[in-house]
Amino acid sequence: MAELCGVIGIGQTRYAAKRGDLSIAGLVREAALRALEDAGLEWKDIDAIVIGKAPDMFEGVMMPELYLADALGAVGKPILRVHTAGSVGGATAIVAASLVQAKIHERVLTVSFEKQSESNAMWALSLKQPFQVHVNAGAGGYFAPHIREYIHRSKAPDNIGILVAYKDRLNALKNPYAHLQIPGVTPEQIEQSPMLWEPIRFLESCPSSDGACAMVLADERNAERSGRSVAWVRGTAMRSEPTMFAGRDEVNPRAGRDCARDLYAQAGITDPRRDFDMAEIYVPFSWFEPMWLENLGFAEEGTGWKMVESGATMLDGDMPVNCSGGVLSSNAIGASGMVRFAEAAIQVRGDAGEHQIDGARLALGHAYGGGSQFFSMWAVSSEKP
Amino acid sequence: MTEKLPDKIETIITPISLEYEYTPGTASTIFLRGMKQGRILGQRCPVSGAVYVPPRGSSPTHGVPTEGEIEVSDHGTLRSFTVVHLPIPGSEVSPPFVAAIILLDGADQTCLHVVSGCEPSEVRMGMRLRAVWKNRADWDYSFENIRYFEPSGEPDVPIESFRRESSA
Amino acid sequence: MREVAVVSFAQSAARREPARNEVEILMPVVTQAVEASGIPRHEIGFTCSGSCDYLAGQAFSFVSAVDALGAWPPIVESHVEMDAAWALYEAWAKIQCGMADSALVFGFGKSSPGEIRDVLTLQLDPYYLAPLWPDTVSLAAIQARVLLESGKASERDLAEVAARSRRDAAANPGAHQRDPSGVDELLARDYLVSPLRVHDCAPISDGAAAVVLAAGDLARKVCDRPAWIRGIDHRIEPHALGLRDLATSPSTRLAAEKAGLGSVPPEVAELHAPFTSQELILREALSLDAGVRVNPSGGALGANVVMAAGLVRIGEAARSIREGEASRALAHATSGPCLQQNLVCLLEAD
């Protein structure tokens with residue numbers, strides 16, 4: 001019933017702790033212009049814009065799409081602003097795809113960004129919540145107990161997080177856009193980095209980045225005549241569950257499992273480890289790689305760490321994960337989910353340069369947010385459905 | 001014009017100050033009134049029977065109002081924790097400190113609080129805890145009437161007994 | 001395009017809510033809309049909401065709203081940091097894709113905890129405008145002045161909008177502006193920010209609203225007289241006020257054209273105009289003549305739940321159809337300073 005949707009243009013900024021050379025508008029334009037150029041299009045060719053970002057308090061601008069309308073060529077067009085916490089970059093791409101799939105628009109520009117240097121992100125995440133105990137030490141403090149429980153349940157050895165971080169930091173060296181690039185990085189260096197929220201070390205954590213990511217999505221006719229390689233959207237899925245409830249499993253949340261199942265059914269995937277050629281998974285702290293491998297069905301419950309330990313998720317493994325360096329290497333929060341979606345598309349378009357997986361045909365983009373409760377995913381392929 | 005202007009302006013500082021008066025809501029009002037009296041009060045989901053502490057007014061799994069005033073114990077079990085080595089902006093708690101997920105006896109919903117009164121290296125999952133309250137004279141309408149939780153000395157609860165998604 | 005209809009609508013009685021928090025206000029409204037839809041909660045295919053962190057003064061404030069939904073087993077859900085009229089647009093698109101046959105849409109917000117006039121200032125360009133702290137009423141007053149100077153309206157016209165809205169709001173249990181003063185009485189009052197008087201401005205309201213959408217046969221099955229969405233579109237204008245003719249609303253006109261308003265006028269129009277002057281600008285942009293019943297609910301001047309007021313317009317327009325008062329109705333929502341962004345939704349009976 002739905003129209004096909006393909007990614008025909010992708011643009012990213014260089015991610016950095018502070019992009020002092022650009023205003024907020026300049027940042028989103030850098031990504032948007034690169035996506036348009038990649039698609040061989042101009043502003044006038046775009047029918048609608050879908051923009052996403054995480055809390056407005058990161059920049060101190062309320063509903064910034066109003067101010068950004070001019071910079072994004074949106075004047076006289078529809079513009080939608082999505083916010084679904086950390087999963088927002090993915091959710092934004094899914095909303096944009098739905099406008100094409102619904103045959104409402106032919107070509108949609110979707111952008112997501114965060115300019116965290118405009119304020120202090122950890123401060124914004126640690127704001128004292130009224131009527132609650134103020135022990136909120138940023139996202140790491142929130143997720144560390146969940147990681148501890150995962151380690152206990154799965155009996156994973158202590159070094160798994162270090163292996164993930166080492167892999168992603170090596171991959172980041174092959175991605176010119178990555179924020180954290182540590183030439184000559186060693187596992188020992190990661191192990192000796194300061195413990196921030198036990199068991200999470202400094203080099204097992206994501207940085208705080210400025211950056212933006214953009215994609216041009218098109219319907220079948222426009223994708224085919226673009227002359228560009230196309231990443232066809234084979235499925236999109238979202239799921240949400242409450243932050244806290246009696247008996248909730250925060251380590252392996254059902255919303256993530258249900259979301260993956262929905263996605264795989266759409267894309268005809270029966271064995272994700274066999275069917276996908278690579279995956280970009282939202283891993284802000286190293287241990288979330290084995291946790292999400294299980295949640296996504298790449299590994300049986302309790303065995304995700306064995307996949308990591310075996311090297312399966314490395315660039316030359318059988319199921320490469322986060323070839324771009326992942327969220328551990330660049331984290332402009334509002335953009336991070338879209339970067340996962342875009343990096344999956346870049347792979348199946350054969351455009352990933354040094355971090356390309358040879359012959360990648362089917363790839364997963366994954367994002368999550370809130371207290372591991374909001375999930376968005378898509379599957380993209382070089383092959384038309 | 002003698003002042004030399006910079007070639008590039010990277011930062012301008014625009015102070016933003018907004019004041020809000022928060023409303024705790026009816027469920028939190030029950031909890032905060034309890035705190036003032038040194039009691040920990042929650043509410044029950046009328047569908048599942050789960051007791052939510054602190055109550056937030058709704059049963060998240062059923063989308064219905066929680067009911068009643070259910071007093072729970074100030075003893076509980078540590079479900080998981082982290083040792084935080086970073087300062088919390090705007091907090092008096094100084095690192096390293098233990099932030100823990102605690103299930104109070106009589107409650108079905110965990111809460112977050114600080115564990116102190118022992119070395120961080122002694123803290124473990126399944127450990128039994130009890131609340132350490134401020135002096136009675138200092139009790140306010142605040143969860144922070146409980147300064148922290150400390151080991152109670154009761155035997156640990158087997159971690160295998162922790163339920164997941166059963167009572168939802 | 002698939003046929004999609006509004007099959008139910010619920011709202012809280014708007015007022016300042018010192019006792020209840022957002023979730024406590026929202027939960028009964030969602031329950032009421034879902035029950036009135038006749039679709040079991042767990043069969044609703046998609047949920048989408050609109051709200052704003054800066055209203056709540058907290059980051060991720062929408063997250064707690066999930067607690068009002070009974071989102072277990074997990075649900076397909078999304079959120080826009082916009083008025084919930086745009087959440088309805090996202091839900092409508094989702095149904096158009098065939099990814100859902102029904103959707104719950106809601107918006108909520110409390111304007112009373114902060115100074116809403118100042119909070120909305122943070123919507124402005126952070127480099128050139130926001131540091132000057134022009135508040136939202138002052139900007140609307142500049143717009144009203146442009147309108148008056150254009151010769152298209154007088155202060156008496158503004159007062160007539162206010163008097164009519166107050167009269168209608170008094171009959172609407174969802175509204176809370178109940179002062180039934182006449183035009184002359186209103187004109188005798190002092191200015192708040194010239195040329196606007198207090199009654200030219202929307203009240204400060206806390207509340208929530210929810211709508212259930214359903215496609216084709218499902219809508220017919222659960223609803224005797226579905227309010228079909230015949231067209232929906234939204235457009236934005238430049239941000240800088242100096243780039244716009246503030247006495248007109250070209251984005252509203254364009255959205256109406258794209259939504260298929262055409263030359264057949266609606267019988268009822270629910271316009272999201274937080275200021276009297278904005279209603280006059282919108283009426284002109286939509287070419288609504290005196291025969292069109294405007295804001296029978298009392299409009300945003302009767303109750304202005306920021307982030308839900310646009311959705312309320314769609315809900316009220318749909319109600320006029322479902323209750324047989326109209327067979328063709330127009331709903332409008334706005335966002336941003338001085339009507340920067342506008343959505344038009346056209347509803348019809350079978």
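Please refer to the structure higher up on the page.
Cut-offs and rules
- Residue positions within a chain follow its written sequence, with the count starting from 1.
- The naming scheme follows written order: chains are lettered A onward, ligands numbered 1 onward.
- Per-residue local features are limited, in this predicted model, to residues with pLDDT of at least 70; the limit for side-chain atom pairs, both in listing and counting, is 80 or more; totals at the level of whole chains, interfaces and linings are taken over all residues.
- Working from all heavy atoms in the structure, the side-chain values ignore hydrogens and water.
- Working definition: helices are DSSP H or I runs of at least four residues, strands are E runs of at least two. Numbering for both runs from the N terminus.
- Throughout, radius of gyration means the C-alpha value; the globule benchmark is 2.2 Å times the number of residues raised to the power 0.38.
- Residue burial is assigned from relative accessible area. The probe radius is 1.4 Å, only protein chains are included, and a residue is buried under 20% of its type maximum, exposed over 50%, and partly exposed in between.
- For this analysis, residues touch if any pair of their heavy atoms sits within 4.5 Å.
- Computed with a 1.4 Å probe, the accessible areas rest on the Shrake-Rupley method; for each residue, only the protein chains presented here act as cover.
- Any Lys or Arg side-chain nitrogen found within 4 Å of a carboxyl oxygen on Asp or Glu counts as a salt bridge.
- Accessible area that two parts lose when put together, with a 1.4 Å probe and added across both, is what the buried area reports.
- Amino acids outside the nonpolar list (Ala, Val, Leu, Ile, Met, Phe, Trp, Tyr, Cys, Pro) and the charged list (Asp, Glu, Lys, Arg) are all regarded as polar, and Gly is one of them.

(A) Spotlight on the overall build of chain C. Helix and strand counts for chain C stand at twelve helices and twelve strands. By the compact-globule yardstick of 20 Å for 350 residues, chain C fits well, its C-alpha radius of gyration being 19 Å. Principal-axis analysis of the C-alpha atoms places the extent of chain C at approximately 55 × 45 × 35 Å. Counting over 350 residues, chain C shows a buried share of 68%. In chain C, the proportion of contacts linking residues at least 24 apart, taken out of those at least 6 apart, comes to 79%. With the model as given, the accessible surface of chain C reaches about 11,000 Å², and the carbon-plus-sulfur share is 50%.

(B) A look at the pattern of salt bridges. As enumerated under the stated definition, the model contains 60 salt bridges over all chains in all. The shortest N-O distance in the salt bridge between Asp56 of chain A and Lys53 of chain A comes to 4.0 Å. Its relative accessible area of 1% is what places Lys53 of chain A among the buried residues. Here Glu220 of chain A and Lys384 of chain A are joined by a salt bridge, their closest N and O atoms 2.6 Å apart. Separated by 164 residues along the polypeptide, Glu220 of chain A in helix H8 (residues 220-225) and Lys384 of chain A in the segment after strand E11 (374-381) bring together distant segments of the chain. Salt bridges linked by common partners bring Glu3, Asp217, Arg220, Arg230, Arg328, Glu348 and Asp350 of chain C together as one network.

(C) Up close: the environment of Leu196 of chain C. Residue and element names in this part refer to chain C. By secondary structure assignment, the location of Leu196 is in strand E6 (residues 196-197). Considered as a pair, Leu196 and Ala159 are 37 residues apart in the sequence and their alpha carbons are 9.6 Å apart. Excluding anything up to four places from it in sequence, Leu196 contacts Val137, Ala140, Ala141, Ala144, Leu158, Tyr191, Cys201, Phe275 and Ser277.

(D) Seen up close, the environment of Leu132 of chain C. Among the secondary structure elements, Leu132 of chain C is positioned in the loop between helix H4 (116-119) and helix H5 (136-149). According to the relative accessible area criterion, Leu132 of chain C is exposed, its value standing at 63%.

(E) Here's a closer look at the interface of chain A and chain C. Every contact between the two is made by 55 residues of chain A and, on the other side, 57 residues of chain C. With both chains or domains summed, chain A and chain C bury close to 4,900 Å², and 67% of this area falls on carbon and sulfur atoms. Summed over the three residues of chain A that lose the most area to chain C, namely Met57, Met62 and Leu66 of chain A, the buried surface amounts to 15% of that side. Applying the counting rule to chain A against chain C returns zero salt bridges. Elements that contribute at least two residues to the side of chain A that touches chain C include exactly helix H2 (65-68), strand E3 (79-82), helix H3 (88-101), helix H4 (121-125), strand E8 (231-240) and helix H9 (254-267) of chain A. Considering each element in turn, the side of chain A that touches chain C owes the most residues, five residues, to H3 of chain A. Residue classes in the side of chain A that touches chain C are distributed as 31 nonpolar, 13 polar and eleven charged.

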